[in-house]
Amino acid sequence: VLLISVLIVSFLSAPIVPQEQSSGDESAWTSMAQTWLTSGQAYIRINGHLPIQITPGVGWWVAPYGLWLGVFGVSLSAGRLFIWVIYLLAVISSGWVGARLYGRQTGLTAAVVTAVSLLMLSYRIIRPEMGLAAVGPLLLLAWLASRKRSLWAAAAGWLAVLSLEIHAAGLAYIVALLILYG
């Protein structure tokens with residue numbers, strides 16, 4: 001059911017993707033990923049910027065995106081395919097959390113709802129915050145596992161930092177984790 005839902009939603013919405021206007025953010029993130037790949041430094045070459053410090057909100061999200069562009073080439077379709085893969089990871093991680101917390105049927109329902117949600121479908125442009133939707137459920141799983149094995153607390157902390165490296169909005173995950181660990 002999940003696979004069919006994701007495929008139907010993907011194929012029915014695919015003709016819209018090339019028609020959507022590219023945003024300035026897409027070109028900036030792509031330029032930053034490409035310069036990281038070629039020089040090891042993150043900067044937006046198309047704006048004539050100098051290399052910037054990797055900071056929260058402008059973190060290492062550009063590294064996997066840069067590697068992706070190295071394999072698939074620099075194009076709008078390659079970038080949006082990268083976002084689609086992140087979308088799939090978000091659907092899978094949401095389903096996984098639902099299944100772990102409440103059983104297989106709930107996990108499947110969570111994944112389908114995530115796959116067809118307007119918020120997820122509306123995010124086709126190349127921006128890092130889509131990655132937060134994939135990391136958030138994994139962070140919750142790591143926290144749950146840490147109640148039985150303390151080593152998982154380190155994984156939860158690592159995922160919290162990773163969320164901040166994806167986008168500054170990851171700070172919300174860190175605050176939530178601090179509340180959960182009390």
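Please refer to the structure higher up on the page.
Because the structure is a prediction, the values reported are computed rather than measured.

Concerning the overall build of the chain
So, point 1. Counting its regular elements, the chain contains nine helices and zero strands.
So, point 2. For the chain, the sequential pattern of α-helices and β-strands runs α-α-α-α-α-α-α-α-α.
So, point 3. Residues classed as buried in the chain amount to 42% of the 182 residues present.
So, point 4. Taking the contacts inside the chain whose residues are at least 6 apart along the sequence as the reference set, 65% of them involve residues at least 24 apart.
So, point 5. Counting every atom, the chain has about 10200 Å² of accessible surface; 70% of that belongs to carbon and sulfur.

Regarding the nonpolar core
So, point 1. Counting residues in each nonpolar core, the largest one holds 26 residues, and the members touching the most others are W61, V62, Y65 and F82.
So, point 2. The leading source of residues in this core is helix α4 (residues 76-102), at seven residues.
So, point 3. In this structure, W61 is in contact with W29, F82, I83, I126, R127, P128, E165 and I166, ignoring residues within four places of it in sequence.
So, point 4. With eleven residues, the next largest nonpolar core counts L139, A142, L144 and I166 among its residues.

Notes on helix α2 (residues 24-39)
For an α-helix, 3.6 residues make a turn, and residues three or four places apart therefore share a direction.
So, point 1. Helix length check: α2, at 16 residues, gives a terminal C-alpha distance of 22 Å against a target of 22 Å (1.5 Å per residue), a fit within 8%.
So, point 2. For α2, the full list of buried residues reads E26, A28, W29, T30, S31, M32, A33, T35 and W36.
So, point 3. Buried positions along α2 lie against α3 (62-72) and α4.

Considerations on the packing of aromatic side chains
So, point 1. Applying the stated criterion to the full structure yields three aromatic pairs.
So, point 2. Relative to F82, the ring of Y65 lies with its centre 5.0 Å away and its plane at 35°, an arrangement referred to as tilted. With Y65 in helix α3 and F82 in helix α4, this residue pair connects regions lying 17 residues apart in the sequence.

Here's the deal with the packing of helix α7 (residues 130-146) against helix α8 (residues 151-166)
So, point 1. Viewed as axis vectors pointing N to C, α7 and α8 meet at an angle of 165°, and their least axial separation amounts to 8 Å. By the angle class used here, α7 and α8 are roughly antiparallel. Of the two possible hands of crossing, α7 and α8 adopt the one that is left-handed. Where α7 approaches α8, its residues G131, L132, V135, L138, L139, A142, W143, A145 and S146 are matched on the opposing element by W152, A153, A155, A156, L159, A160, L162, S163 and I166.

Here's the deal with the packing of α3 against α4
So, point 1. With their axes 10 Å apart at the nearest point, α3 and α4 run at an angle of 125° to one another. In terms of orientation, α3 and α4 fall into the oblique class. As for how α3 packs across α4, the hand of that crossing is right-handed. Of the residues in α4, those touching α3 at P64, Y65, W68, L69 and F72 are A78, G79, L81, F82 and V85.

Considering the side chain of T35
So, point 1. Residue position: T35 is located in helix α2.
So, point 2. By relative accessible area, T35 is classed as buried at 0%.
So, point 3. A distance of 3.0 Å separates a polar atom in the side chain of T35 from the backbone oxygen of M32.
So, point 4. When sequence neighbours within four positions are dropped, the list of residues in contact with T35 reads G40, Q41, A42, Y43 and R45.

What counts and what doesn't
- Residues numbered from 1 in each chain as written.
- Predicted model: local features only at pLDDT ≥ 70, side-chain atom pairs only at ≥ 80, totals over all residues.
- Heavy atoms only, no water.
- Helix = DSSP H or I, 4+ residues; strand = E, 2+ residues; numbered from the N terminus.
- Buried < 20%, exposed > 50% of the residue type's maximum accessible area, 1.4 Å probe, protein only.
- Contact = heavy atoms within 4.5 Å.
- Areas by Shrake-Rupley, 256 points an atom, 1.4 Å probe, with all protein chains shown as cover.
- Core = buried A, V, L, I, M, F, W, Y, C linked by side-chain atoms within 4.5 Å.
- Expected span 1.5 Å × (residues − 1).
- Phe/Tyr/Trp six-rings, centres within 6.5 Å; stacked < 30°, edge-to-face > 60°.
- Axes fitted to C-alpha atoms, helices over the stretch in contact; angles between N-to-C directions.
- Parallel < 35°, antiparallel > 145°, perpendicular 65-115°, else oblique.
- Left-handed = near helix turned anticlockwise from the far one by under 90°.
- Polar contact = N/O pair within 3.5 Å; in protein donor to acceptor, adjacent residues only side chain to side chain.

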